[in-house]
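# Descriptive analysis of the structure
Residue strings, one per chain:
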Amino acid sequence: MRTIYLKILDFKIKINLLSGLNQGPTKIAAIKQLEKQLETYLKPFISPIEFKKCDFIIDIDSDYTELDTTTIQNGQNIYMLMYKHISKNKIKTFYQIGIYQFGSIFQGILIDLLSKSSGFNMHCSAVLDNSSIILFMGRSGAGKSTISNLLNENYPKVADDISLIKKTGSNFFFYEGPEISKNWANRTANKYHIRCIYFLKKANKSWSEKISKEKALKILLESTRIKNRATIKSVMEFTDQFNEFYNLYFTKNKQEILKFMENTKK
């Protein structure tokens, strides 16, 4: 058995790659390939220190007969997820799972852990401005990917779907997490202060207006996947603490949106 130890946010997670007896060469090769993909995908979060106590365990086995099957859709892609909850902090999945399927399962695990630990997730894109993060939110088609792609040359993209927000000490921070995207191999284990949150509106020119905390809270709650009491409390506390919420009316003109971003620094 090969175990990968992970430290993501403040969570300790173990992935056990189980290998049974009398494995054929094809099965051994598939397990090795998955192991290589996981080590690349999760590289920034792999802990050099082994630990016994952990927050979650993922067993990847060669036996799939007892697994449950769930189908999910991400954009135009449809994925079949095969896994089974063994206990409240352990699941079992299959060694032939693809890296995108694993990413979907893993994302759900992180969101669940966050919901129990003064944190929450947001559907948004995010770019890095020096040492702080700018988040872009909006409904499907609002332009979250578009604006982060336009800014990427000057403001590196660090998230394109899910952002992880967690309270550490007395403040909330943005955490990079493993997210399957075109630049998924460039993830880090860093945390950042959040500079501002923009709620996107397409327009003929780029400008912004500050909005009330009440409006921001409603949108933030709509964007979270898990809405239990702890998550709602965390979102409300974050909204009460944070002040930089804006509607951003933007155009797809790259130079114009870059000029707008530079002007906001002045």
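Residues numbered from 1 in each chain as written. Predicted model: local features only at pLDDT ≥ 70, side-chain atom pairs only at ≥ 80, totals over all residues. Heavy atoms only, no water.

## Quick look at the overall build of the protein
When helices and strands are tallied, the protein shows six helices and 14 strands. Looking at the protein as a whole, 48% of its 266 residues are labelled buried. When the accessible surface of the protein is summed, it comes to about 14,100 Å², and 49% of that surface belongs to carbon and sulfur atoms. (Helix = DSSP H or I, 4+ residues; strand = E, 2+ residues; numbered from the N terminus. Buried < 20%, exposed > 50% of the residue type's maximum accessible area, 1.4 Å probe, protein only. Areas by Shrake-Rupley, 256 points an atom, 1.4 Å probe, with all protein chains shown as cover.)

## What to know about the pairing of strand 7 (residues 119-129)
Side-chain direction in a regular strand flips from residue to residue, so the side chains alternate between the two faces of the sheet. Counting buried residues along strand 7, 10 of its 11 residues qualify, which places the element largely inside the surrounding structure. Note that strand 7 and strand 8 (residues 132-137) share six bridges and pair antiparallel. What sits directly across from Asp129, in strand 8, is Ser132. Where strand 7 hands over to strand 8, the hairpin turn is made up of two residues, of which Asn130 adopts a positive phi near 60 degrees. Of the strand pairs in this sheet, strand 7 and strand 9 (residues 157-159) are connected by two bridges, and their pairing is antiparallel. Following the sheet pairing, Val127 is matched in strand 9 by Lys157. (Pairing = 2+ DSSP bridges.)

## Let's talk about helix 5 (residues 229-241)
With 13 residues, helix 5 ought to run about 18 Å at 1.5 Å a step, and its terminal C-alpha atoms sit 18 Å apart, in line with that. Of the positions making up helix 5, those classed as buried are Thr231, Ser234, Val235, Phe238 and Thr239. Buried positions in helix 5, seen along its axis, are confined to an arc of 130 degrees and lie on one side of it. Turned more than 90 degrees from where helix 5 packs its buried face, Arg229, Lys233 and Asp240 sit exposed. (Expected span 1.5 Å × (residues − 1). Arc of directions from axis to C-beta.)

## Description of the packing of aromatic side chains
What the rule picks out here adds up to 16 aromatic pairs. Relative to Tyr192, the ring of Phe174 has its centre 6.3 Å away and its plane inclined at 40 degrees; by these criteria the two rings are tilted. On the criterion of sequence distance, the pair formed by Phe174 in strand 11 (residues 171-175) and Tyr192 in strand 12 (residues 191-202) is long-range, its members being 18 residues apart. Ring centres 6.3 Å apart and planes at 15 degrees place the aromatic pair Phe199 and Phe245 in the stacked group. Residue Phe199 is found in strand 12, and its partner Phe245 is found in strand 14 (residues 245-250); the two are separated by 46 residues along the sequence. On the basis of relative accessibility, which here comes to 3%, the residue Phe199 falls in the buried class. Cluster of aromatic residues (ring-pair linked, three or more members): Phe120, Phe172, Phe199, Phe238, Phe242 and Phe245. (Phe/Tyr/Trp six-rings, centres within 6.5 Å; stacked < 30°, edge-to-face > 60°.)

## Structural notes on the side chain of Ser206
Within the fold, Ser206 resides in the loop between strand 12 and strand 13 (207-210). A distance of 3.3 Å separates a polar atom in the side chain of Ser206 from the backbone nitrogen of Thr251. (Polar contact = N/O pair within 3.5 Å; in protein donor to acceptor, adjacent residues only side chain to side chain.)

## Topic: the nonpolar core
The biggest cluster of nonpolar side chains holds 34 residues, and the ones touching the most others in it are Ile15, Leu38, Ile58, Phe102 and Phe106. The set of elements that each furnish at least two residues to this core consists of strand 1 (2-8), strand 2 (11-17), helix 1 (25-41), strand 3 (56-61), strand 6 (90-94), helix 2 (99-115), strand 10 (162-168) and strand 11. Sorting elements by how many residues they give to this core places helix 2 first, with nine residues. For Phe102, the contacting residues outside a window of four places in its chain are Ile15, Leu38, Tyr41, Leu42, Ile58, Ile60 and Ile97. Of all hydrophobic cores here, the second largest spans 24 residues; its members include Ala126, Leu220, Val235 and Phe242. (Core = buried A, V, L, I, M, F, W, Y, C linked by side-chain atoms within 4.5 Å. Contact = heavy atoms within 4.5 Å.)

## Side note on the packing of helix 4 (residues 213-223) against helix 5
Direction vectors running N to C along helix 4 and helix 5 enclose 145 degrees, while the axes themselves pass 10 Å from each other. Of the two possible hands of crossing, helix 4 and helix 5 adopt the one that is right-handed. Where helix 4 abuts helix 5, its residues Lys213, Leu217, Leu220 and Leu221 lie against Ile232, Val235, Met236, Phe238, Thr239, Asp240 and Gln241. Looking at the contact of helix 4 with helix 5 residue by residue, the class counts come to seven nonpolar, two polar and two charged. (Axes fitted to C-alpha atoms, helices over the stretch in contact; angles between N-to-C directions. Left-handed = near helix turned anticlockwise from the far one by under 90°. Nonpolar A, V, L, I, M, F, W, Y, C, P; charged D, E, K, R; others polar.)

## Concerning unusual backbone geometry
We note that Ser118 has phi near 50 degrees; this positive angle belongs to a residue other than glycine. If you trace the backbone, Ser118 turns up in the loop between helix 2 and strand 7. On the basis of relative accessibility, which here comes to 39%, the residue Ser118 falls in the partly exposed class. Located in the positive-phi region is Asn130, a residue other than glycine, with phi close to 60 degrees. Relative to the helices and strands, Asn130 is located in the loop between strand 7 and strand 8. The class for Asn130 is exposed, based on a relative accessible area of 68%.

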